[in-house]
Amino acid sequence: MGLSEKDLLRLGPAARKQIAEQLGEDAKKAALKYHNRPAERTMPNGRVHRFPSQKEAERFDELQQLQKMGIIRNLKLQPQFTITESFMTADGDRVRAHRYTADFSYEQCDDTEWVTIVEDVKGGKATRTRDYINNKKALASRGIFIEEV
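Draft legend 1. Expanded view of the overall build of the protein. Along the protein, the regular secondary structure elements total five helices and 10 strands. A buried classification covers 26% of the 149 residues belonging to the protein. Counting only contacts in the protein whose residues sit at least 6 apart along the sequence, the fraction spanning at least 24 positions is 41%. When the accessible area of the protein is evaluated, it comes to approximately 10700 Å², of which 48% is carbon and sulfur surface.

Here's what the structure looks like:
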């Protein structure tokens, strides 16, 4: 029994890298999601955060500068938004909550009030998957709009 590309994408970056190293060069390309090159940044608390793409890391750098200048505030990495809460079916089976994880959220002043902005960094058409589009629509129906960068 082998791993499909879908199985690889469910694994974390470290596990994908380990599998790719064991399988060789062809597997490395398949294991990296959308052929992105990961990038690392040191956070203000001293920890190193690994971004899945250079583009996402560069956007973080921009947002960090905007926060230092006071243009935005409350910058968050990987904020989660609940689309549907968990519940029990009539048969007693538990259905887990459905959550969406964005790349960034922050607050930006819009004339007189601070408005929450949710961003997702997209590298092209391939990253706009059906699941992503459905999640974006579901969140929009709840008043949470995702800006693509």
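Draft legend 2. Broad picture of helix α4 (residues 54-68). An ideal rise of 1.5 Å per residue puts 21 Å on 15 residues; α4 measures up with 21 Å between its terminal C-alpha atoms. Contact partners of the buried residues in α4: β1 (39-42), β2 (48-51), β3 (72-77), β8 (104-110) and β9 (113-120).

Draft legend 3. Focus on unusual backbone geometry. Even without being glycine, N74 reaches a positive phi, approximately 55 degrees. Position of N74 relative to the elements: it lies in strand β3. Under the relative-accessibility criterion, N74 is labelled partly exposed at 43%. For D111, which is not glycine, the phi torsion reads 65 degrees and is therefore positive.

Draft legend 4. Highlighting helix α5 (residues 130-140). Those residues of α5 lying buried are Y132, N135 and L139. For α5, the angular spread of the buried residues around the axis is 65 degrees, confining them to a single face. Residues R130 and K137 are exposed on α5 and point more than 90 degrees away from its buried face.

Draft legend 5. Highlighting the sheet that holds β9. Strand order in the open sheet formed by four strands is β3-β8-β9-β10, and the pairing between neighbours is mixed. Pairing within the sheet leaves two strands with one partner each, and these edge strands are β3 and β10 (146-148). Averaged over all pairs of adjacent strands, the angle between their axes in this sheet comes to 35 degrees, without regard to strand direction. Sheet topology note: the β9/β10 ladder contains three bridges and is parallel. Residue E119 lies in a different strand from β10, and its bridge partner there is E147. Strand contacts of α4: β3, β8 and β9, with the helix running at about 150 degrees to β3, the strand carrying the most contacts.

Draft legend 6. The arrangement of the pattern of salt bridges in detail. Under the defined criterion, the tally for this structure stands at eight salt bridges. For the salt bridge of E40 with R50, the shortest nitrogen-to-oxygen distance reads 3.6 Å. A residue pair is termed long-range when its members are at least 10 positions apart, and E40 in strand β1 and R50 in strand β2 qualify at 10 residues. Exposure remark for R50: the relative accessible area of 40% places this residue in the partly exposed category. A single network of salt bridges, built from pairs that share partners, joins R59, E62 and E119.

Reading the values: the criteria
- Residues numbered from 1 in each chain as written.
- Predicted model: local features only at pLDDT ≥ 70, side-chain atom pairs only at ≥ 80, totals over all residues.
- Heavy atoms only, no water.
- Helix = DSSP H or I, 4+ residues; strand = E, 2+ residues; numbered from the N terminus.
- Buried < 20%, exposed > 50% of the residue type's maximum accessible area, 1.4 Å probe, protein only.
- Contact = heavy atoms within 4.5 Å.
- Areas by Shrake-Rupley, 256 points an atom, 1.4 Å probe, with all protein chains shown as cover.
- Expected span 1.5 Å × (residues − 1).
- Arc of directions from axis to C-beta.
- Pairing = 2+ DSSP bridges.
- Axes fitted to C-alpha atoms, helices over the stretch in contact; angles between N-to-C directions.
- Salt bridge = Lys/Arg side-chain N within 4 Å of Asp/Glu carboxyl O.

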